Protein chains: 2
Amino acid sequence: MATTKYSRQREAIKEYLSHSKEHPTADTIYMDIRETYPNISLGTVYRNLNLLVDKGEVMKIIGMDGSDRYDGNTQHHYHFLCNKCQRVLDIDMDSIDRINDIANKNFPGKVEGHVTYFYGKCNECE
Amino acid sequence: MATTKYSRQREAIKEYLSHSKEHPTADTIYMDIRETYPNISLGTVYRNLNLLVDKGEVMKIIGMDGSDRYDGNTQHHYHFLCNKCQRVLDIDMDSIDRINDIANKNFPGKVEGHVTYFYGKCNECE
DNA sequence: GCTTATAATAATAATGATTATTATTTTAAC
DNA sequence: GTTAAAATAATAATCATTATTATTATAAGC
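What counts and how
Counting of residues starts from 1 at the beginning of each chain's written sequence and follows it residue by residue. Chain letters start at A and ligand numbers start at 1, both assigned in the order the entries are written. With pLDDT at 70 or above as the cut-off, local features in this predicted model cover only qualifying residues; side-chain atom pairs require 80 or more to be listed or tallied, and sums for whole chains, interfaces and linings still use all residues. Here the side-chain values reflect all heavy atoms present in the structure, with hydrogen atoms and water set aside. Throughout this document, a residue counts as near a molecule or strand when at least one of its heavy atoms sits within 4 Å of that molecule or strand. Side-chain atoms alone can form a polar contact between residues adjacent in sequence; in general such a contact is a pair of N or O atoms within 3.5 Å, and within protein one must be able to donate a hydrogen while the other accepts it. Here a helix means four or more residues in a row that DSSP labels H or I, a strand means two or more in a row labelled E, and each is numbered from the N terminus. For this scheme, ten residues count as nonpolar: Ala, Val, Leu, Ile, Met, Phe, Trp, Tyr, Cys and Pro. Four count as charged, namely Asp, Glu, Lys and Arg, and the remainder, Gly too, count as polar. What fixes the domain bounds is an automatic or database domain assignment. The contact rule is simple, with two residues in contact once any of their heavy atoms fall within 4.5 Å. Computed with a 1.4 Å rolling probe, the buried area is the accessible surface lost when two parts are put together, summed over both parts. Throughout this description, the term salt bridge denotes a Lys or Arg side-chain nitrogen within 4 Å of a carboxyl oxygen of Asp or Glu. Working definition: with a 1.4 Å probe on protein chains only, accessible area under 20% of the residue-type maximum means buried, over 50% means exposed, and in between means partly exposed.

**Comments concerning the protein's contact with DNA strand C**
Neighbouring DNA strand C are 21 residues, the closest being Tyr46(A), Lys5(B), Ser7(B), Thr44(B) and Arg47(B). When atoms of DNA strand C within 4 Å of the protein are split into backbone and base, the sugar-phosphate part holds 79%. Taking Tyr6(A), its main chain carries an N or O atom lying 3.2 Å from a phosphate oxygen of DNA strand C. Secondary structure elements with two or more residues in the surface near DNA strand C: α3 (42-55) of chain A together with α1 (8-19) and α3 (42-54) of chain B. When its residues are assigned to classes, the surface near DNA strand C shows six nonpolar, nine polar and six charged.

Encoded structure:
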């Protein structure tokens, strides 16, 4: 795959993710985009999601239940996983990068970053 | 399943995990325990791992590649995921629970805890 | 120690998410 | 417009995990 050609399906996926706040799974994206493109294939959704993740235009989040979810916002931000409704929500707080330094002091290899998920109950489930 | 009966297979899994520092996958555990119990079944390994996780005797770690790994040490400690060899290693550092408070101040629901993975290159891969 | 009820097992089938294959269709350069 | 390369839809294949079921092991009561 030398050059990347335009595809309306990929555009639809980008468009969809840029407006979604739901951190959807590949299957959810597939189901929803089928409303506009009735014969888009699930394989196409997966392939384009991986492509967009590789290009850094989309972020993949692995939930604590192991499910892959996608986020159109690639700016660094924290995620909250609700133990009850299993939704993934955003937390708007400053990055705590200094914990990388703490980790580096206590580890022989090279710590380049960290991934933190918060969990608990969202306000709707409380 | 009212009461839990003894099984030598489950004991072997506990024993194995209590000595392992490798954070093995279910399949690795299966392969290794087959040396001593040649006809243990992979289903038995999975069932007992889930049982031990439910009882809190074993910890399940979901790696960034989505693979499930198991840890016999249930004391809180941080994990490091090597981007190159995909191994999961321990980092010996104090818990940074105060970030839960920071998150709680910035989130409408109830933050009960967090999971943090560090990543980068381990000293063998550097 | 023997009987009996129940849990655990081994073997295997089933499931679910993701990736690979392939013939056909789109895209975009010439 | 032609043409080569990339993307697609449909489908098959893969991989990890869970479910099913007939058989075996455990442990309690006699």
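**Section: the domain arrangement of chain A**
Residue and element names in this part refer to chain A. Looking at chain A, the domain boundaries give domain 1 (8-71) and domain 2 (78-120). Placing the centre of domain 1 and that of domain 2 at their C-alpha centroids yields a distance of 23 Å. Contacts between the two partners involve eleven residues from domain 1, matched on the other side by ten residues from domain 2. For the pair domain 1 and domain 2, the summed buried area comes to about 820 Å², and 60% of that belongs to carbon and sulfur atoms. Scanning the region where domain 1 abuts domain 2 turns up zero salt bridges. For the interface between domain 1 and domain 2, the tally reads five residue pairs in polar contact (both at pLDDT 80 or more). Of all elements in the fold, only β1 (59-62) and β2 (68-71) reach the threshold of two or more residues within the side of domain 1 that touches domain 2.

**Quick look at the pattern of salt bridges**
Two side chains carrying opposite charge are able to pair once their charged atoms lie near each other. Considering all chains together, one arrives at nine salt bridges over all chains under this definition. The salt bridge partner of Lys55(A) is Glu57(A), with a shortest N-O separation of 3.3 Å. For Lys55(A), a relative accessible area of 44% gives the class partly exposed. On the basis of relative accessibility, which here comes to 29%, the residue Glu57(A) falls in the partly exposed class. Put simply, Lys14(B) and Glu57(B) hold a salt bridge, and the shortest N to O gap is 3.0 Å.

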